[in-house]
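# Chains, contacts and geometry: an overview
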Amino acid sequence: MSVTPSRVPVTVLTGFLGSGKTTLLNRILSENHGKRIAVIENEFGEVGVDHQLVIGAEEELFETNNGCICCTVRGDLIRILGQLMKRRDRFDYIIIETTGMADPGPVAQTFFLDDELKNQFSLDAIVTMVDAKHFEQHVEELNEPAEQVAFADLVLLNKTDTVDAAALERIERRIRGINGTAKILRTQNANAPIDQVLNVGAFDLQRALAVDGSFLEPEYPFEWGGVYQLTPGDYLLKTAGVHDHSEHEHGHAHHGHDHDHAHHDHGHAHEDHSHQDLDIVVLPVAAATAEALQAAIEPAVRAYADPATVVACHGTLDAAPSHNAIDLSHPGADFTLKIENAGAYALFCEHHPLEFGLHLAGQRPAAERKFASHHHDDDISSIGISDPRPLDPAKLNQWLDYLLKTRGQDIFRMKGVLNVKGEDRRQVFHGVHMMFDAQPERPWGDTPRMNSLVFIGRDLDRAEFEAGFESAVAKN
């Protein structure tokens, strides 16, 4: 008789930026609970620092910084969970810490839509951290804090020492108004009893469906898919509009030298390309039919989790199967789709091609389909800075003090590791709006000294942050 191995419990740890997710995670990893925990960390932005802020332990730590986890979650999670299952003997619990901008619904959804995952994993609970100091402000301004609370099985109302009793009562009523069934624990420094956080069997699919009636209807990283029957040759993929060569030449220079810096730190960016790029996955399929297009959806989801090749105007897309990001920064942009073998090919586009007048010249799809996708507030972005030069402590304080006074309301979260001149230890810093803290941590040792800073907020100006950092660099 065969024995079916038990499913691995999974806790999704979510909460808005700066609410204390990593603090709770570090507490869990530090305590003697007997569990061997694998961690999946998601980063928002191009400079990953969360893995540096999670304490060292024997646990497995995986990181995904492929944009926001809720946009590419299924491909990324399936890939990472598949890697984890190859070393199944090394862990017996998984914690997924989402970015503070994540809607946890699609994350949880992953464990119900994929048959293989359903048999291997069991969603134990969605744990949502709430920052008592800033929750009311954030929930007024953005959708994500309320979404995170709405899906919660357990809410940790954290940082209770930062507000008075009346405010705590008011915030708890607000949370109850969003989610009347979640258990609420009040905490300081995320000091919840671990046995009330892990292995609690709290996730309720019916409640998830009550929050979101389309919970079991998957969201995709693409909005359109079409399938074509093609013979060998070069095909012109073109957007609407008249090509302006002067603008194009300007754009080429920009694209070639600074493409990644100008725009890609946008909340919805998937890889190192800008929001003027359009992601396209090209896959060979069995036939130019609706059925074949349907069968290609899951491979397309996984392909979207792979890094995209950025293709400038007049460029050629990678041979299928491929994930490309084509530059749509000017009207009339065109690209070449090179087909070497006759057959059926599916194209999956991040946005509907009609938004750009994008079409495969002389070809019509034999079958096509629209998909629901997930989008974020376009004003929210992240800026990452990585630089090895040591910082002058006095100038660093001046910069950060100025930054908090002038941009504190717009900076939801700042965090990172600093290389301070004359200090043998790493300086770890955290900030939420006007609140900021920096502490020396473990010695650098043999690790290369490197500043890694991330700022997440509204209407952030990269040039301003880079100039501020430059002002804090120690002079010889």
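Fair warning: this is a prediction, and the values are worked out from it, not measured in the lab. (Residues numbered from 1 in each chain as written. Predicted model: local features only at pLDDT ≥ 70, side-chain atom pairs only at ≥ 80, totals over all residues. Heavy atoms only, no water.)

## Considerations on the nonpolar core
Counting residues in hydrophobic clusters, the biggest one holds 24 residues, and the most contacted among them are Ile40, Leu81, Ile94, Ile96 and Phe121. With five residues, helix 3 (residues 69–85) is the single largest residue contributor to this core. Not counting residues up to four positions away in its chain, the partners in contact with phenylalanine 121 are Arg7, Val8, Val10, Leu81, Met85, Ile94 and Phe111. Core analysis: the next-biggest nonpolar cluster, separate from the first, contains 22 residues, Trp224, Leu278, Val311 and Leu337 among them. (Core = buried A, V, L, I, M, F, W, Y, C linked by side-chain atoms within 4.5 Å. Buried < 20%, exposed > 50% of the residue type's maximum accessible area, 1.4 Å probe, protein only. Helix = DSSP H or I, 4+ residues; strand = E, 2+ residues; numbered from the N terminus. Contact = heavy atoms within 4.5 Å.)

## Remarks on the pattern of salt bridges
Any two side chains of opposite charge can pair if their charged atoms end up close together. Per the stated rule, a full pass over the model turns up 18 salt bridges. Among the ionic pairs, glutamate 172 bridges to arginine 186, the shortest N-O distance being 2.9 Å. A residue pair is termed long-range when its members are at least 10 positions apart, and glutamate 172 in helix 8 (residues 165–178) and arginine 186 in strand 7 (residues 183–186) qualify at 14 residues. Between lysine 338 and aspartate 234 there is a salt bridge, and its shortest N-O distance comes to 3.0 Å. Of this pair, lysine 338 sits in strand 13 (residues 334–339) while aspartate 234 sits in strand 9 (residues 233–238), placing them 104 residues apart in sequence. The exposure class assigned to lysine 338 is partly exposed, which follows from its relative accessible area of 38%. Within this structure, Glu169, Glu172 and Arg186 form a network of salt bridges that share partners. (Salt bridge = Lys/Arg side-chain N within 4 Å of Asp/Glu carboxyl O.)

## Re helix 4 (residues 104–113)
Helix 4 sits mainly inside the fold: eight of its ten residues count as buried. Residues of helix 4 that are buried include every one of Pro104, Gly105, Pro106, Val107, Ala108, Gln109, Thr110 and Phe111, and no others.

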